[in-house]
Amino acid sequence: MSEVKASKALRDGLFKSFEDMVRKAMAPNLPIPQRQALLNRAQELRAQWVELEAARFNSEAAAFTAAQTKVLEATTDLRKATKDLDDAVKIAEKATKVFGLLDKLLKKAVKFAPVPL
Amino acid sequence: MKRAITGLWTFLLLAAVAACGTPRDFTIYQESIGEFQSATDQTASVALEYVESINSFERGYELTLLREDPDRPLNISKLSEPILSPQAIAARDRTFGVLKQYTQMLAALAESDASERWKAASERARSSADALLTDLNAESGILGELPISDITGPLKIISDAIATEIINAKRSRALDAAIAKAAPAIQDISGKLREDLTFVIRQRDSVKQLEIAELTIRYAEAQESNNNSARLSTLTKIDQALEARTKSLSTLQGLIQTLDQFDIAHDALVRYAKSEKGPQDLSDLVTIVRSYSDSAKEVFESFQRLSAALS
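For every chain, the first residue of the written sequence is number 1, and numbering continues from 1 along that sequence. Here the convention is simple: chains get letters from A, ligands get numbers from 1, in the order in which they are written. The predicted origin of the model limits local features to residues at a pLDDT of at least 70 and limits the giving and counting of side-chain atom pairs to 80 or more, whereas totals for whole chains, interfaces and linings rest on all residues. Calculation of side-chain values draws on the structure's entire complement of heavy atoms; hydrogens and water are dropped beforehand.

Further remarks concern the interface of chain A and chain B. In this analysis, two residues are considered to be in contact whenever any of their non-hydrogen atoms come within 4.5 Å of each other. Contact with chain A, which involves 59 residues of that partner, is made by 73 residues of chain B. Here chain A packs against chain B, burying approximately 5900 Å² in sum over the two surfaces, 69% of which is carbon and sulfur. Any Lys or Arg side-chain nitrogen located within 4 Å of an Asp or Glu carboxyl oxygen qualifies as a salt bridge. The interface formed by chain A and chain B holds 8 salt bridges in total. Think of a polar contact as two N or O atoms within 3.5 Å of one another; within protein, one of them needs to be a possible hydrogen donor and the other a possible acceptor, and neighboring residues in sequence only count if both atoms come from side chains. Counting across the interface, chain A meets chain B through 15 residue pairs in polar contact (both at pLDDT 80 or more). Secondary-structure elements contributing two or more residues to the side of chain A that touches chain B are helix H1 (8-25), helix H2 (32-59) and helix H3 (61-112) of chain A. Here the buried area means the combined drop in accessible surface, using a 1.4 Å probe, for two parts upon being joined, counting both sides. Secondary structure follows DSSP: runs of H or I at least 4 residues long count as helices, runs of E at least 2 residues long count as strands, and numbering of each begins at the N terminus.

Written as structure tokens, this is what we have:
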């Protein structure tokens, strides 16, 4: 794995040179040995370009992690907001139980209340 | 007296609705968030498959070159050492996971049935309260003379409507805040993923270009040696290689375009979050998200067709 990190312009420039070389290797007016030599050179350029791209890919792990942290924070906020809404609904659900319990208590209180003389 | 109370509550209801800033049609907004989430899911899964296969593709290409060229020196590290580190691939894997989690939470909050559950719970609470009031009325002479249930009925209906609006407004504010908070990081991630996908496109296409160039040389050799059958057979191979290149490029470039549309759709969500949330704002959001969703579906299906053809 290569440790060299090249700029985007350099990587793009290298890839463009590769494409130019491939185009020349396909030129029907050139002698076959020259075309084969251009094709071989294009293969070498491709290998160098792949190395530079791989170096960029490998070096960006930290930058990805930093961006992920920010998105995770927003995700945590969303999770909390969802929970807050659930809590609000639970209040209504608890109110149902309270009313029901009060009703039961009242009925029991009436049942056991002393009979007026 | 009753008319005055009802009038007051109606006024409070209108004031609360006006103050909430709820989207005019929350259902359409919910649907748009849902579409955004599933489109991102599809885009992420296709992109991750491509990124994860960079190593195996490069190794496979080296093996092809060794098989085709008997004089090619065997550099064992090209076969034994992957060009991309496992840590770097894991970072992309995690990033796609985080993006998925983020859009899933957006969708979960947007689709939360809190307001419906509130209505159901509130309905049950009202029934229990009514039962309690009936019993109180029956047992208490004083309470029995008060028109309590006449008042609580309409008040509860109005308070349900307010509660639903408050829940939707609270939810809308949370969505807006999260979208705005995540926006710069999402842009950053999307830019980096675009570079990764450009790498994938060029990696694949460069091999196709070399293959076609090689075939044109074989064609010239067949012409020079007057070998007509070899010439025709090479011509067929050139035709097939050109067609395969066009198909492969179309899927890969479609993926980049979908990533562009992801950016546009996310920007539209941010813009909508900051807007007055009028009908035109919502209509703009729906159009953009739908276009992203269609594009993501197309790329996903095209990728599946391509994978099936290769397997």
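Take the packing of aromatic side chains next. Aromatic rings from Phe, Tyr and Trp, with only the six-membered ring used for Trp, were paired whenever their centres fell within 6.5 Å, and each pair was classed as stacked if the ring planes differed by under 30 degrees, edge-to-face if by over 60, and tilted otherwise. Applying the stated criterion across every chain yields a total of 6 aromatic pairs over all chains. For the ring pair Phe15(A) and Phe18(A), a centre distance of 5.4 Å and an interplane angle of 40° mean the geometry is tilted. Of this pair, Phe15(A) and Phe18(A) both sit in helix H1, separated by 3 residues, roughly a single helical turn. Judged by relative accessible area, Phe18(A) falls into the buried class, the value being 0%. In our convention, an over-ring charge means Lys NZ or Arg CZ found within 6 Å of a ring centre and within 35 degrees of that ring's normal. The ring of Phe57(A) carries Arg92(B) above its face, with NZ or CZ at 3.6 Å from the centroid. Summary of the burial criterion: residues with accessible area below 20% of their type's maximum are buried, those above 50% are exposed, and those between are partly exposed, where the area comes from a 1.4 Å probe applied to protein chains only.

This part takes up empty space enclosed by the protein. All names here are of chain B. As defined here, a cavity is a set of points on a 1 Å grid over the protein atoms alone where a 1.4 Å probe fits but cannot get out. A pocket is an open set with protein on both sides within 12 Å along at least five of seven lines, and residues line them when an atom is within 4 Å of a point. Grid points are joined across faces, edges and corners, and a volume is the space filled by probe spheres set on the points. Inspection of every chain in the model, using the stated rule, returns 1 cavity of 30 Å³ or more. Taken as a whole, the largest cavity spans an internal volume of roughly 90 Å³. Lining the largest cavity, in full, are Thr 40, Thr 43, Ala 44, Ala 47, Phe 96, Leu 99, Ile 189, Ser 190, Leu 193, Leu 259, Phe 262 and Tyr 292. Listing elements by their share of the lining of the largest cavity, those giving two or more residues are helix H2 (26-52), helix H5 (86-111), helix H8 (148-224) and helix H9 (228-274). Considering each element in turn, the lining of the largest cavity owes the most residues, 4 residues, to H2. A class-by-class count of the residues in the lining of the largest cavity yields 9 nonpolar, 3 polar and no charged. For this classification, the nonpolar set comprises Ala, Val, Leu, Ile, Met, Phe, Trp, Tyr, Cys and Pro, the charged set comprises Asp, Glu, Lys and Arg, and every other residue, Gly included, is treated as polar.

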